[in-house]
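# Inside the fold
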Amino acid sequence: MSEELWCQKADREAAEKVAALLQKPMPSRDDMRDIEEFDPWDIFPIYGSYDSAFDEMAIEVLEELKAHSKKRDDLAAEMFREMLCKMNLCDYGTSPRVCFPTSNFEPLLPAFIEKWKAYSKMQWGD
């Protein structure tokens, strides 16, 4: 299998994980987490659901990706972009050298952002 085909498959499978996550219902209670309920951090290799700052940063970076812009350049945002790239949800361009969503992930971004915002609001309040 050629390298290009392997990358396309990896990008598709990564987006399929996000699509499956979006199908999960919102948590009905905040004191007991059910693995069958939506938690945006389930697709990531870290547990980010213990601090509202994690959610705030992730949502802001995802909104920037959706808008094809880059405003945050702090270490947390850069590390989150790197994680998205490592997980085949984003890639880096050559010029300019910025992170952008893969063609498979980009259509999922609006729903992912909105559901993550609702999750964060439920988890942390306003």
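One can find the structure itself at the top, above this paragraph.
Residues numbered from 1 in each chain as written. Predicted model: local features only at pLDDT ≥ 70, side-chain atom pairs only at ≥ 80, totals over all residues. Heavy atoms only, no water.

This paragraph deals with the overall build of the chain. Along the chain, the regular secondary structure elements total four helices and two strands. Over its C-alpha atoms, taken along the principal directions, the chain stretches across nearly 45 × 35 × 20 Å. Looking at the 126 residues of the chain, the share that counts as buried comes to 38%. Sequence separation of at least 24 residues holds for 53% of the intrachain contacts in the chain that already meet a minimum separation of 6. Carbon and sulfur atoms provide 54% of the accessible area of the chain, an area that totals close to 7,600 Å². Taking the average location of the 16 positive side-chain charges in the chain and that of its 26 negative ones, the two points are 2 Å from each other. (Helix = DSSP H or I, 4+ residues; strand = E, 2+ residues; numbered from the N terminus. Buried < 20%, exposed > 50% of the residue type's maximum accessible area, 1.4 Å probe, protein only. Contact = heavy atoms within 4.5 Å. Areas by Shrake-Rupley, 256 points an atom, 1.4 Å probe, with all protein chains shown as cover. Lys, Arg positive; Asp, Glu negative; His and termini not counted. Charge placed at Lys NZ, Arg CZ, Asp CG, Glu CD.)

The next subject is the packing of aromatic side chains. Per the stated rule, a full pass over the model turns up ten aromatic pairs. Pairing Phe38 with Tyr119 gives two aromatic rings, centres 5.9 Å apart and planes at 80 degrees, and the pair type is edge-to-face. Taken together, the residues span a long stretch of sequence, with Phe38 in the loop between helix H1 (3-23) and helix H2 (52-67) and Tyr119 in helix H4 (residues 109-124) at a distance of 81 residues. By relative accessible area, Phe38 is classed as buried at 1%. Members of the aromatic cluster, each reached through a chain of ring pairs, are Trp41, Phe44, Phe54, Phe80, Phe105, Phe112 and Trp116. (Phe/Tyr/Trp six-rings, centres within 6.5 Å; stacked < 30°, edge-to-face > 60°.)

Time to look at the nonpolar core. If you look at the biggest cluster of nonpolar residues, it comprises 32 residues, and the most contacted ones within it are Phe44, Leu62, Phe80, Leu84, Phe112 and Trp116. Taken together, the elements giving at least two residues each to this core come down to H1, H2, helix H3 (75-86), strand S1 (90-92) and H4. At six residues, H2 tops the list of elements feeding residues into this core. Excluding residues within four positions of it along the chain, Phe112 makes contact with Val18, Leu21, Leu22, Phe38, Pro40, Ile43, Phe44, Leu62 and Phe105. (Core = buried A, V, L, I, M, F, W, Y, C linked by side-chain atoms within 4.5 Å.)

Checked against the element boundaries, Lys115 lands in helix H4. Buried Lys115, no salt bridge; nearest opposite-charge side chain is Glu37, N-O distance 11 Å. Apart from residues no more than four positions distant in its own chain, Lys115 is found in contact with Leu21, Leu22, Gln23, Lys24, Pro25, Met26 and Phe38. (Salt bridge = Lys/Arg side-chain N within 4 Å of Asp/Glu carboxyl O.)

Direction vectors running N to C along H2 and H4 enclose 160 degrees, while the axes themselves pass 10 Å from each other. The orientation of H2 with respect to H4, classified from their angle, is roughly antiparallel. Where H2 crosses over H4, the two elements pack in a sense that is left-handed. Residues Ser52, Asp55, Ala58, Ile59, Leu62, Glu63, Leu65 and Lys66 of H2 form the contact with H4, whose participating residues are Leu109, Pro110, Phe112, Ile113, Trp116, Lys117, Tyr119, Ser120 and Trp124. Its residues assigned to classes, the contact of H2 with H4 shows eleven nonpolar, two polar and four charged. (Axes fitted to C-alpha atoms, helices over the stretch in contact; angles between N-to-C directions. Parallel < 35°, antiparallel > 145°, perpendicular 65-115°, else oblique. Left-handed = near helix turned anticlockwise from the far one by under 90°. Nonpolar A, V, L, I, M, F, W, Y, C, P; charged D, E, K, R; others polar.)

Turning our attention to unusual backbone geometry. Look at His68: it is not a glycine, yet its phi comes out positive at around 55 degrees. Along the chain, the position of His68 falls in the loop between H2 and H3. One non-glycine residue, Asn88, lies in positive phi territory at about 65 degrees. Mapping Asn88 onto the fold places it in the loop between H3 and S1. Classification of Asn88 as partly exposed rests on a relative accessible area of 23%.

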